[in-house]
Amino acid sequence: MRYYARKLGFYLVALWAALTLNFFIPRLMPGNPVDTLLAKLQQRGGAVDPSARRSYELLLGTDTGEPLWRQYTSYLGNVLRGDLGVSVSAFPAEVTEVIGQSLPWTVVLVGIATLLSFTLGVTLGTITGWRRGSRLDSLIPATTVLAAVPYFWLALILVLIFSSTLQWFPLFGGYDTYLATGWNWDFISSAIYHGTLPALTIVISSVGGWLLGMRNMMVATGSEDYILTAHAKGLRERRIMTRYAARNAVLPSLAGFAISLGFVVSGSIITEQVFSYPGIGSKLLQAVENSDYALMQGIFLVITVAVLAANLLVDLLHGFIDPRTRVTT
Amino acid sequence: MATPTTPPPGGTTAPGAAPRSGWRALLPGWSPRLGIGLGLVLAIGLFGLIGPLLLGDPDAIDNMGRTPPSTDHWLGTTQTGQDVLSQLAHATRGSLQIGLAVGIGATVLSALFGVIGAYAGGAVDESFSLFSNVMLVIPGLPLVIVIAGFVPREQRGWWTLAVVLVITGWAAAARVLRAQTLSLRNRDYVLAAKVAGERRRRIVIVEILPNLLPLIASQFVYAVIAAILAEAGLSFLGLGAPNTHTLGSMLYFAQNGFALQYEAWWWFVPPGLVIALFGCGLSLINFSLDEIINPRLRLPKAAGSGTGAVAGRSTDEAGTEAGPAPREPGAVLTVRSLDVVYRTADPVHAVRDVSLTLRRGEILGLAGESGCGKTTLAYAVARLHRPPAEVTAGSVVLHDRSGTDIDVLALEKEDLRAFRWDKLSMVFQGAMNSLNPVISIHEQLDDVLTTHRPGMSAADRRARCAEVLTLVGVDPARLTAFPHELSGGMRQRVMIAMAMLLDPQVMIMDEPTTALDVVVQRGILREIIRLRDELGFAVVLITHDLPLLLEVSDHIAVMRDGEIVEYAPAARMYRAPAHPYTRQLLDSFPSLTSARGAFVRGGDTDVPGAAR
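How each quantity is defined
- Starting afresh in each chain, residues are numbered from 1 along the sequence in its written order.
- By the order in which they are written, chains take letters starting at A while ligands take numbers starting at 1.
- Per-residue local features of the predicted model are confined to residues with pLDDT of at least 70, and side-chain atom pairs are confined, for both listing and counting, to 80 or more; whole-chain, interface and lining totals are unaffected and use all residues.
- No hydrogens and no water enter the side-chain calculation; it runs on all heavy atoms of the structure.
- Strands are runs of DSSP state E lasting at least two residues, helices are runs of H or I lasting at least four, and both sets are numbered from the N terminus onward.
- Burial status follows relative accessibility: with a 1.4 Å probe on protein chains alone, a residue under 20% of its type maximum counts as buried, one over 50% as exposed, and anything between as partly exposed.
- Pairs of residues are marked as contacts when any of their non-hydrogen atoms sit within 4.5 Å.
- Think of a salt bridge as a Lys or Arg side-chain nitrogen and an Asp or Glu carboxyl oxygen that are within 4 Å of each other.
- For any pair of parts, buried area is found by adding up, for both, the accessible area (1.4 Å probe) each one loses once the two are put together.
- Under this definition, polar contacts are N or O atom pairs within 3.5 Å; protein pairs additionally need one hydrogen-donor-capable and one acceptor-capable atom, and for neighbouring residues in sequence, both atoms have to be side-chain atoms.
- When DSSP finds two or more bridges between two strands, those strands count as paired.
- To get an axis, fit a line to the C-alpha atoms, keeping to the stretch in contact for a helix; angles then go from 0 to 180 degrees between the N-to-C directions.
- Angles are sorted into four bins: roughly parallel if under 35 degrees, roughly antiparallel if over 145, roughly perpendicular if 65 to 115, and oblique for all others.
- Helix crossings fall into two classes, left-handed where the near helix is turned counterclockwise from the far one by less than a right angle and right-handed where it is turned clockwise.
- Throughout, the ten residues Ala, Val, Leu, Ile, Met, Phe, Trp, Tyr, Cys and Pro are labelled nonpolar, Asp, Glu, Lys and Arg are labelled charged, and all others, Gly among them, are labelled polar.
- In these notes, a set of buried Ala, Val, Leu, Ile, Met, Phe, Trp, Tyr and Cys residues joined through side-chain atoms within 4.5 Å is what counts as a nonpolar core.

Enquirer: Please set out the overall build of chain A residue by residue, giving values where relevant.
Expert: Helix and strand counts for chain A stand at 13 helices and zero strands. Seen in sequence order, chain A has helices and strands lined up from the N terminus as α-α-α-α-α-α-α-α-α-α-α-α-α. Each of the three principal axes of chain A carries a C-alpha extent, and together these read 75 × 60 × 40 Å. Across the 329 residues that make up chain A, the buried fraction comes to 55%. Counted over contacts in chain A with a minimum sequence separation of 6, partners at least 24 positions apart contribute 71%.

This is how it looks when you write it as structure tokens:
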């Protein structure tokens, strides 16, 4: 239990840190974002009622003479109530509304791609690490090229080959725009069709990291005493590989999930841009281009919360797989 | 970049202490991988360094828009007729510059937080570690994008970008460095330096840093790759520093110039390729660094696969070289003229011409100091030796209850697997680590039964597991326990129970009680003798503790430098040890008769204290 409590505590601290960063970044930066925003809002015919102004001021900070800590607590209150302000670029939509529309796209895309790439990488890493020095193993250095390829460049190349030249997949978008969004087969199949290349990009770029990490851990685990015991017990090779070696070797991969997920999320933001995918990454860039500060901050916050949640999930899984973390001392 | 420049750790180190502190150990060993890696990095580095000087103005506009590669423009031109090759050279320089700057900055920060935190310990470590973990889970690029979004375009210089990338990029390395420092901090030579009263700063610089250097170098390499990729991403999104040439900004212009739509591959393929190849080169260098950090990743020179390599024998000529082993009456295991060689650059003959006969139900003691080859011998008998060890001559025959003789060295893969544990089981030295930490005791016992006795029902298997645990005095309720929940003595008992599961004829016990305290040792040995009496298996008991063997064994073999120097019944060896080395071994333990035993230290016989 103590393990879980510690983990939960840590993520609460991380969440608080992210909120605080979000609060201070606009205040530390040059310029007066509130005025920029309000000016833009007025251009679009948005009414600047005092509550909208107040909301922006809390979010972005401006010299109102209010003590910083008061602004800070009011800001935290606003965020906890889910009030992230009004989006300028999608006026009069609330920031939360804009995020709500685009978040599912990214969660599904990145979620599936990460799951695929993790499974693929760990499986291949298990096999190559177990068959040390085999021909398969000697191919490992080649995977470093994959890890060093920029996501967006790979996306461009894939688009060139599969969309422009072969015309197997669409050039961009998340679904066929003729279709209405909904839970019907036409729409879902169209979404899968459009999501294949973006997902492929993420899988190809991230699989190398999982593979290499798992392979090295398998090699290290291979010289553990319990592997020798398992051999002496006359167990079948496959069983030793999976239940004895891989079961132990995968733990550090899970522990390192946080680092990798950060890379994947970063990479997929840019990937979305290449494919004009209707996810949260494209929205973030749109917000930056339009100086839609409220939306920008809201999206950063949501991405952070999502990443924290994914990490928490993996940590819980780790606790489930490794009995040693369950010790109640 | 992988060659660290530090003073070699000086004379204050305790003798024989710091491992791999010499200069040569810090340099990666040469390999084709390293060659290719260095080649790629150097070539691209030189291109970025010298290319801009030779290739002219990257911004010069020409009316030859978007032309494919030609003799005038080796990599073609952009939409506005700029020379792609010249742009590539300038962009490479820009990207390398930012990569190096961020790499250095992030490494310094990570070393500061990782090493100092871990070394200082206590509250400092807690807070540093919390800080870097928080920085680690907050996704970097979205943060950078948000920050870049707030900074007006005119105010974004390349160094602003570098600072932001450093701030968001150091945390992962700090975590790795912290873990390594923590383990270094508690190593003997660091503790020795502390006891010797060295100053803290000196300990960090002289004792800890040199051992961290390969790791720091590898983290630096990662940081450079990550920085180049992150900058490329930002610039591609149009959030980079304006008016600077980087590979990312090149791709940004290519994307906005519809290079993709016009299929102007010469415009957008080269920049990505340079990034990928440079990253690949750095990763290949990191492979070599990893092998220094983690020696287990090094491939043994003689690449044999799996365990139990037997050289110079094939199935049909099995046993003929050494001559068919004459079967002594009552023998269960006969070893004849066994030779085991470690095929390294300087081959070591670890076991030479060893012959032993184990009789049914007997306890055969194998004594000798650390490194005499007794463990190698035991592993070779079960064909568990790993490359580079190899059996080069001799025979091992198990005389089965059924009356057939099994030539162990000639067993093929699947037969060997079925033979292990069923006829011959083992109890290893490190009881602490012989059990798989992540699955329960029951699963580990059950594994043996499901593999070797596929016909057994689940209920029968469970009953058998409980039965063997009861035999060794462990409560069957502990079956659901995980290894970390058991004491050292309990774990060893579980191992012994496991060794008895299939009712084997031979049990090899390699220092089964070394890591345990004396009372537990005695208990376990008494248990082994009792079980042997009840179940009638034969035991090869390996230990450096000769007096103990005198007490429990029927026969004793004394080993030295891979050879058996004396092999006799226990009683005779006690009364009249024939070989001078045996006498020396006996004398090195406190005598039972005199009040204070005579310890022999020195000469070539150390007190065989430390196991293995």
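Back to the write-up after that little detour.
Enquirer: Mind laying out the pattern of salt bridges, listing which residues take part and the relevant values?
Expert: All chains considered together, the criterion is met by 21 salt bridges over all chains. One salt-bridge network, in which partners are shared between bridges, spans Arg239(A), Arg243(A), Glu443(B) and Asp447(B).

Enquirer: Break down the interface of chain B and chain A for me, with residues and values.
Expert: Facing 77 residues of chain B, the contacting portion of chain A comprises 84 residues. Buried area between chain B and chain A, both sides added, is near 7,200 Å², and the carbon and sulfur share of it is 71%. Our count for the contact surface shared by chain B and chain A stands at three salt bridges. Between Arg243(A) and Asp447(B) there is a salt bridge; the shortest N-O distance is 2.9 Å. Linking chain B with chain A are 16 residue pairs in polar contact (both at pLDDT 80 or more).

Enquirer: Describe the sheet that holds strand β3 (residues 363-367) of chain B, naming the residues involved and giving the relevant values.
Expert: Residues and elements named next belong to chain B. Spatially, six strands are ordered β6-β7-β8-β3-β9-β10 in an open sheet, and the strand pairing comes out mixed. Edge strands, defined here as strands with exactly one partner in the open sheet, are β6 (424-427) and β10 (563-569). Recorded for the sheet is a direction-independent mean angle of 15° between the axes of neighbouring strands. In this structure, strand β9 (residues 555-560) lies alongside β10, joined through six bridges in antiparallel fashion. Within β10, the position partnered with His-555 by the bridge is Pro-569. In the packing of helix α17 (residues 488-500) onto the sheet, contacts are made with β6 and β7 (506-510), and the angle to β6 comes to roughly 175°. Along the sheet, helix α18 (residues 518-535) makes contact with β3, β7 and β8 (538-543), crossing β8 at roughly 160°.

Enquirer: How would you sum up the environment of Gly45(B)? Please name residues and give values.
Expert: The residue Gly45(B) is located in helix α2 (residues 32-54) in this model. In the structure, Gly45(B) is positioned 357 residues away from Ser402(B) in sequence and 71 Å away in space, judged by C-alpha atoms.

Enquirer: Report on the packing of helix α6 (residues 140-148) of chain A against helix α11 (residues 265-293) of chain B, specifying residues and quantitative values.
Expert: To describe two helices that pack against each other, one gives the angle between their axes and the distance between the axes. Interhelical geometry of α6(A) versus α11(B) gives an angle of 135° and a closest axis separation of 8 Å. When the axis of α6(A) is compared with that of α11(B), the two are oblique. Where α6(A) crosses over α11(B), the handedness of that crossing is right-handed. Within the contact between the two elements, α6(A) uses Ile140(A), Pro141(A), Thr144(A), Val145(A) and Ala148(A) and α11(B) uses Ile275(B), Ala276(B), Gly279(B), Cys280(B), Ser283(B), Leu284(B) and Phe287(B). In terms of residue class, the contact of α6(A) with α11(B) is made up of nine nonpolar, three polar and no charged.

Enquirer: Account for the pairing of β7(B), naming residues and giving values.
Expert: Residues and elements named next belong to chain B. The buried count for β7 comes to five of five residues, which makes it a mostly enclosed element. Neither face of β7 is open: one carries Val-506, Ile-508 and Asp-510, the other Met-507 and Met-509, and all of them are buried. Two strands pair when backbone bridges link them, and β7 and β8 are joined in this way by five bridges, in the parallel orientation. From the neighbouring strand, Ile-508 faces β8, where its bridge partner is Val-540.

Enquirer: Run through the nonpolar core, naming residues and quoting values.
Expert: In terms of nonpolar packing, the biggest core is built from 155 residues, with Ile145(B) and Phe268(B) touching the most fellow members. At 14 residues, the largest contribution of residues to this core is made by helix α13 (residues 293-321) of chain A. Beyond its immediate chain neighbours, meaning those up to four positions away, Ile145(B) contacts Ile269(A), Leu284(A), Leu285(A), Val288(A), Leu234(B), Leu237(B) and Leu239(B). Listed in part, the 90 residues of the second largest apolar core include Met495(B), Ala497(B), Leu546(B) and Leu549(B).

Enquirer: Can you explain helix α10 (residues 247-256) of chain B? Please cite residues and give values.
Expert: Three or more residues of α10(B) are buried, namely Leu247(B), Gly248(B), Ser249(B), Met250(B), Leu251(B) and Ala254(B). In this structure, the buried residues of α10(B) make contact with α7 (151-165) of chain A together with α3 (84-120), α9 (200-236) and α11 of chain B. Count one or two residues on from α10(B) and you reach Phe258(B), which has phi positive near 60°.

Enquirer: For the packing of α9(B) against α10(B), give the residues involved together with the corresponding values.
Expert: All names here are of chain B. Where α9 meets α10, the closest approach of the two axes is 7 Å, and the angle between their N-to-C directions is 30°. Judged by the inter-axis angle, α9 sits roughly parallel to α10. The two elements α9 and α10 cross, and the hand of that crossing is right-handed. Facing α9, whose interface residues are Glu-231, Ala-232, Ser-235 and Phe-236, α10 presents Gly-248, Ser-249, Leu-251, Tyr-252 and Gln-255.

That's the geometry; what it means functionally is another story.
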